[in-house]
Structure formats: structure tokens, C-alpha cells
2 protein chains.
Amino acid sequence: MNLTESIKRPTLHEELVERLRNLVVEDALKPGEKVPEKDLCASFGVSRTPLREALKVLASEGLVVLQANRGARVTEVTPEELENTFPVIATLEQLAGELACERLDDAGIAHIEERHKDMIAAYKTRDRQAYFQANQDIHNALITAAQNEVLESHHRMLAVRVRRARFMVNLSDKRWAQAIDEHEQMMEKLRRRDAKGLGELMKLHMLNKFVAHMKALQT
Amino acid sequence: MNLTESIKRPTLHEELVERLRNLVVEDALKPGEKVPEKDLCASFGVSRTPLREALKVLASEGLVVLQANRGARVTEVTPEELENTFPVIATLEQLAGELACERLDDAGIAHIEERHKDMIAAYKTRDRQAYFQANQDIHNALITAAQNEVLESHHRMLAVRVRRARFMVNLSDKRWAQAIDEHEQMMEKLRRRDAKGLGELMKLHMLNKFVAHMKALQT
DNA sequence: AAATGTAATTATGAATTCATTATTCAGTCA
DNA sequence: TGACTGAATAATGAATTCATAATTACATTT
């Protein structure tokens, strides 16, 4: 079978969750900003019902907060929020690193190696856009390699929240170089399939990223 | 200020999320079971709108699955699901243990000590109900003590999913004794404020619980 | 002018209605 | 008998409507 692509027509509310989430992550909807249903309905061309359903989901993901009878607001990215989020991501990435090492086959490692090279190339040409993309691909690949749906979904939820912080800070040259170095070390552990080592490095990598973010925010 | 309790009048959909979640956790709604909106609306005395909003939230928490045009089903508790969930909970509890050690004051530790004694008492009289309750209280207290909202909310989501498994297996005498022993060790680490030690024990405790569950399921 | 009270407007929560998609079941034909 | 067709029924997705709470604008009082 499978002659054609399986027909997937997502429901409106699913579509809206996606679109709204992107708006929040891409910073089109600013933190603290009110999200008037009416306007969103108009711009998406849907009625309030599916939109409100979508907002409920976003709220349970922590991207917006709902106040009864007072509508939705995009959650603020506060230092406290980052302070709480990073350790949790870090510990999840540690677990992911360990599992990925055990479950990745040679082809999988080769694939990550490719993206790693892309990332290095982007670093050398100082192409921030390409760097962020390759970086994210690598992390996502490692998460996927862990083959744990629960881990993956919770990691995604948290990663989304942190990704918004990207718009707030500039990656310093020093931190950028450090991050590249950490990735080199991670690749080394991965090649040797050192599960514990990779896990620890990934955790540390996240916590260092956190420190860099906090420093940047304090200025 | 704060002269009176802040007035909280939850919206219907919030109330429904709570109630429905309980129904799933308490196993009143069985895994795999269809959840006809109509019946639920009738039994709760609400219209479909808030109920459907609640189902969307439950779906994003992974307690139900929504199939377009075919309604909601309670998610099955499969061995795969447990296999994926336990390691994630374990790693979160490890983090919680470490943070709790750093942040609990003497009064907080004393409070946990109390619940620990309750748990031991329940064990001696083989009062499963009281045991489960005290056990859960202890874990929750440690999570709360970590003072990390993100950690807490994600842990709660996962704990709910696992708690359902309780209805599927019987706690063996052997495992029960082992669990008590593990808790004794955890308390010892906590008294000494050995953050790393408590974290490792809590992780191990969860993984052992997982092994016990899997053994029980295989029979 | 500042503060308080009140009416008008707006936005939200929830119920209802409408439109589509599944499901059921009787009937037909091989 | 058993597989297929299609009408009837039921359930769901989405739009609309209604009710209520919040906000705003304005007036009144001091």
C-alpha cells in the first residue's frame, strides 16, 4: 500500500497551536503582550472556538498565561524562568546523551558528524543563522536518537521556552568559541560511544549556556 | 494587604481538567476507553465547549489521544510508555533531590521526617492506602522543596501518567520492603544534606520501582 | 483637579446551532 | 450466506449566539 502520501488534514486547532507557538517562539508575539482573540481570529480567518482551544493548549505548555475573563498574555521570559528551566533541560539532555550513545548506529553518528561540520563551517564564517540551525539540528538529533517519546516531548516543550531567550541576548565571541569547543568534546565522546561522558558534557554544555545567558542579561 | 483569601473562581474548563484528570488517574476512565463528549457533558452538567477545551489540555498532557472526527480515547499504559516515562521521572527526581538538599531548612526536613514516620507506620500495619499517600507526600515535598516551578510541573505531568500503573500491579512484599529500605537511606542522606547522594538514591529508587513494575506486568 | 461612582462599550466564558465526518444498519446482489 | 451499497443515525469540528465580567469613558462630588 502507501501509494500516496497519507492524507493528513489537521484540525484547525492543531494548526493554530502550531502557528501560535511559532509566533511566540519567533518573537512575533512579545512577552507580556496581550493576545486579543478577536484580532487573532481575524488574522487567521477562523472563529473563536478553535482559537480558544489552541490557547488552552499553549497555556498548558506554559507559553501563555490565561487569566479568567481577562484573556491571554504571552509569558515573560524572566531570569527566574530561565534559572528554573535550564537545569531541567540540562538534566534531560544528560539522559538523552546517555541513551543516544547506546542506541545510535554508525549511520546515525555519521549524520550528526555531518551537521557538526556544518556548524563548524557556520562558525568560521560567523553565520549566526546557519550556526543556530545546525546547533539545533544536532541537539534534536541526539534527542531523537534516545528513542524516548516522553523525553522528546518534554524536552521540546522546554526547548521552545528557552529558544525565545535567543532573541534577547547576543552570543558573545567568547561564549561562541567555548560552545564550539564543548561541541567538539561531545562529538569525541559520541564517536567513542562514551554514554556517561556524553551525558555529563551535554548537561554541562547547557549549564554553561545558561551562565552565558545570565551574564548577557545582567549587562 | 491579603486580608482575605484571594477569591478564586476557577473557570469551568479548569475545573473539568481537574475532574477529568482525576477520573483517568483513579482509573474510573479505563485506558483505551472511548470518552464520549455527550455522556461526560451530561454527567458534569456542562456544555460541550468547556469540556472539549479540557480534553485538548488533557491531550497535550498525554492522558488522552484525540483522533480527528473520532473523539478522544484514554491513552493506554503500555510497557513501552512506562519504559520511556520512568527514566525521565528518575532523572527529574535526581535533580529534585539535589536541589531540595540545598534549599530545605530544618523545619522542612522535620516535616518530611514526620511523613516518613507515617509511612513506616503504614508499612507496619500493611495499610496500602496510607502508605501510598505518605509515600506520595514525601516525594511531592521533596519536589516542592526544590523550589523550581518548571521541574515541579513537568514532574507532576509525568507522575500522573505513572500513578495510573498502580492500578495494574500489586506491590509485592519483597519490593515493599526494598522500597522502605530505600526511603530510609534517602532520609539518611537528607539529614546529612548530602545533595549528590540523595539525588542518586532518588533516581535509583525510581528505576527500581520501574523494574518492579515490569516484573509484575510480565507475570 | 483628584477621586469616586455610574453608564456604555468591549472582551471573554459558555451554550447553542450548524456543517461534516464517522458509524450503524437495512437491503441488494452474487 | 456473505460482501457490498447507500440511507439513516450519531458524533464531532467549527461558527454563532447569548450572558457575564472587565474595561473604558464620562459625570459627579468634594
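Treat the numbers as computed from the prediction; the structure is a model and nothing was measured.

1. Here we look at the environment of T91 of chain A
Position of T91 of chain A among the secondary structure elements: in helix α4 (residues 79-103). The spatial distance from the C-alpha of T91 of chain A to the C-alpha of A216 of chain A is 23 Å, given a sequence separation of 125 residues. Apart from the residues lying within four places of it in its own chain, the contact partners of T91 of chain A are T91, L92 and L95 of chain B.

2. Re the domain arrangement of chain A
Residue and element names in this part refer to chain A. Partitioning chain A into structural domains gives domain 1 (12-74) and domain 2 (79-218). The gap between the C-alpha centroids of domain 1 and domain 2 is 28 Å. On the side of domain 2, six residues touch domain 1, which itself brings eleven residues to the contact. Between domain 1 and domain 2, a total of about 740 Å² is buried, with carbon and sulfur atoms accounting for 65% of that surface. Of all residues in domain 1, V25, E61 and L63 give up the largest surface area on contact with domain 2, accounting jointly for 53% of the area buried on that side.

3. So, unusual backbone geometry
Note: most residues except glycine have negative phi, and most peptide bonds are trans. Residues and elements named next belong to chain A. A positive phi angle, near 65 degrees, is found at N69, a position not held by glycine. Among the structural elements, N69 can be located in the loop between β2 (64-67) and β3 (71-74). Of note, the phi angle at Q147 is positive, near 55 degrees, even though the residue is not glycine. Mapping Q147 onto the fold places it in the loop between α6 (128-145) and α7 (149-163).

4. Here's the deal with the protein's contact with DNA strand D
With respect to spatial proximity, 17 residues lie near DNA strand D, and among them L12, S47 and T49 of chain A together with R48 and R52 of chain B are the closest. Each atom of DNA strand D within 4 Å of the protein was assigned to sugar, phosphate or base; sugar and phosphate come to 72%. In this structure, S47 of chain A approaches DNA strand D through a side-chain N or O atom, which is 2.5 Å from a phosphate oxygen. Measuring from a sugar or linking oxygen of DNA strand D, one finds a backbone N or O atom of N69 of chain B at 3.5 Å. Per-element tally for the surface near DNA strand D: the top contributor is helix α3 (residues 48-61) of chain A, with three residues. Of the residues assigned to the surface near DNA strand D, the class counts are three nonpolar, seven polar and seven charged.

5. Describing the pattern of salt bridges
Per the counting criterion, the structure on display carries 34 salt bridges over all chains. Each of E37, R48, R52 and K56 of chain A together with E53 of chain B takes part in one network of salt bridges that share partners.

6. Describing empty space enclosed by the protein
All names here are of chain B. Inspection of every chain in the model, using the stated rule, returns two cavities of 30 Å³ or more. The volume enclosed by the largest cavity comes to roughly 50 Å³. Residue lining of the largest cavity: I112, I138, L142, H183, M186, M187, L190 and L198, and that is the complete set. Those elements giving two or more residues to the lining of the largest cavity turn out to be α6 (128-145) and α8 (173-191). Here the lining of the largest cavity gets four residues from one element, more than from any other, and that element is α8.

Rules used throughout
Residues numbered from 1 in each chain as written. Chains lettered and ligands numbered in written order. Predicted model: local features only at pLDDT ≥ 70, side-chain atom pairs only at ≥ 80, totals over all residues. Heavy atoms only, no water. Helix = DSSP H or I, 4+ residues; strand = E, 2+ residues; numbered from the N terminus. Contact = heavy atoms within 4.5 Å. Domains from an automatic or database assignment. Buried area = accessible area lost by both parts, 1.4 Å probe. Near = heavy atom within 4 Å. Polar contact = N/O pair within 3.5 Å; in protein donor to acceptor, adjacent residues only side chain to side chain. Nonpolar A, V, L, I, M, F, W, Y, C, P; charged D, E, K, R; others polar. Salt bridge = Lys/Arg side-chain N within 4 Å of Asp/Glu carboxyl O. 1 Å grid on protein atoms, 1.4 Å probe; cavity = no way out; pocket = protein on both sides within 12 Å on 5 of 7 lines; lining within 4 Å. Points joined across faces, edges and corners; volume = space filled by probe spheres on them.

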